[in-house]
Amino acid sequence: PVDPYVANAVNTAVKKLRDQNQQLENEEAMKLALKDQTDDRINQWRRGKEDNLRALLSSLDLVLWQELGWKTINLSELITPPQVKIRYMKAVAKVHPDKLSQDATIEHRLVANGVFSTLNKAWDSFKVQNGMS
């Protein structure tokens with residue numbers, strides 16, 4: 001015979017695990033459904049300017065969501081490499097996966113990840129083009 005207290009604790013733990021697994025499955029299904037849509041959005045934003053950090057930074061407002069609070073950057077603010085570096089650092093700080101708010105939607109997380117990786121690749125090209133290490 002199993003102690004009723006132990007049986008209740010086991011049942012509660014099993015239910016909690018099942019609920020967590022169901023929630024993870026739901027999130028994965030949502031990610032899958034949104035992935036094509038967000039990939040299209042990111043590809044439209046970066047098309048033709050993959051290595052042009054200035055163009056990517058000046059058009060970020062086209063791909064980021066309003067609640068993030070990103071302010072549009074004019075190309076006139078991106079003339080010198082130090083200006084570009086400052087704007088780049090601010091941009092990656094906004095979309096860094098570890099810096100997103102806890103209540104960010106799955107779609108926002110997918111967009112942020114795509115933007116983050118695109119900006120990092122463009123930054124590497126920018127550093128080479130401008131003799132920065």
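Residues numbered from 1 in each chain as written. Predicted model: local features only at pLDDT ≥ 70, side-chain atom pairs only at ≥ 80, totals over all residues. Heavy atoms only, no water.

### A closer look at the overall build of the protein chain
Helices and strands together make up the secondary structure of the protein chain, namely 4 helices and 0 strands. Ordered by position from the N terminus, the helices and strands of the protein chain form the series α-α-α-α. Taken over C-alpha atoms, the radius of gyration comes to 21 Å for the protein chain, far larger than the 14 Å a tight globule of 133 residues would show. Each principal axis of the C-alpha distribution contributes one length, and for the protein chain these read about 75 × 30 × 25 Å. The buried share of the protein chain, taken over its 133 residues, is 30%. Accessible area for the protein chain stands at about 9,100 Å²; split by element, carbon and sulfur atoms hold 53% of it. A distance of 7 Å separates the average location of the 19 positive side-chain charges in the protein chain from that of its 17 negative side-chain charges. (Helix = DSSP H or I, 4+ residues; strand = E, 2+ residues; numbered from the N terminus. Rg over C-alpha atoms; globule rule 2.2 N^0.38 Å. Buried < 20%, exposed > 50% of the residue type's maximum accessible area, 1.4 Å probe, protein only. Areas by Shrake-Rupley, 256 points an atom, 1.4 Å probe, with all protein chains shown as cover. Lys, Arg positive; Asp, Glu negative; His and termini not counted. Charge placed at Lys NZ, Arg CZ, Asp CG, Glu CD.)

### Focus on the environment of Glu 25
Inspection of the secondary structure assignment puts Glu 25 in helix α1 (residues 4-46). Residues Glu 25 and Arg 41, spaced 16 residues apart in sequence, show a C-alpha to C-alpha distance of 24 Å.

### Quick word on the nonpolar core
Counting 28 residues, the largest nonpolar core has Leu 53, Leu 57, Leu 60, Leu 64, Val 115 and Leu 119 as the members making the most contacts within it. Looking at this core, the elements with two or more residues in it are α1, α2 (53-58), α3 (81-95) and α4 (106-129). At 8 residues, α4 tops the list of elements feeding residues into this core. When residues no more than four places from it in sequence are discounted, the contact partners of Leu 60 are Trp 45, Trp 70, Ala 91, Val 115 and Leu 119. (Core = buried A, V, L, I, M, F, W, Y, C linked by side-chain atoms within 4.5 Å. Contact = heavy atoms within 4.5 Å.)

### Looking at the packing of aromatic side chains
Within the structure shown, the criterion is met by 2 aromatic pairs. Ring geometry for Tyr 88 against Trp 123: centres 4.5 Å apart, planes inclined by 5°, an arrangement best described as stacked. Residue Tyr 88 is located in helix α3, and its partner Trp 123 is located in helix α4; the two are separated by 35 residues in the primary sequence. Relative accessible area serves as the criterion here: at 9%, Trp 123 is assigned to the buried category. Seen in terms of ring centroids, Trp 123 and Phe 126 are 5.7 Å apart; in terms of plane orientation they differ by 20°. Their pairing is stacked. Taken together, the residues Trp 123 and Phe 126, both in helix α4 and 3 residues apart, mark about one turn of the helix. Here the two residues Trp 123 and Phe 126 agree in accessibility, since each one is buried. One aromatic cluster in this structure is built from Tyr 88, Trp 123 and Phe 126. (Phe/Tyr/Trp six-rings, centres within 6.5 Å; stacked < 30°, edge-to-face > 60°.)

### So, a nonpolar patch on the surface
A surface patch of nonpolar side chains, about 480 Å² in accessible area, is lined by Val 2, Tyr 5, Val 6, Val 10 and Val 14. On the secondary structure map, Tyr 5 appears in helix α1. The class of Tyr 5 is exposed, set by a relative accessible area of 65%. (Patch = residues over 30% accessible without salt bridge, like charges linked within 9 Å, V, L, I, M, F, W, Y side chains within 5 Å. Salt bridge = Lys/Arg side-chain N within 4 Å of Asp/Glu carboxyl O.)

### Description of the packing of α1 against α4
Axis separation between α1 and α4 bottoms out at 8 Å; the angle between their running directions is 40°. On the basis of their axis angle, the class for α1 and α4 is oblique. Once α1 is placed against α4, the crossing between them reads as right-handed. Residues Glu 27, Met 30, Lys 31, Leu 34, Lys 35, Gln 37, Thr 38, Arg 41, Ile 42, Trp 45 and Arg 46 of α1 lie in contact with α4, whose contacting residues are Ile 106, Glu 107, Leu 110, Val 111, Gly 114, Val 115, Thr 118 and Leu 119. Considered class by class, the residues forming the contact of α1 with α4 number 9 nonpolar, 4 polar and 6 charged. (Axes fitted to C-alpha atoms, helices over the stretch in contact; angles between N-to-C directions. Parallel < 35°, antiparallel > 145°, perpendicular 65-115°, else oblique. Left-handed = near helix turned anticlockwise from the far one by under 90°. Nonpolar A, V, L, I, M, F, W, Y, C, P; charged D, E, K, R; others polar.)

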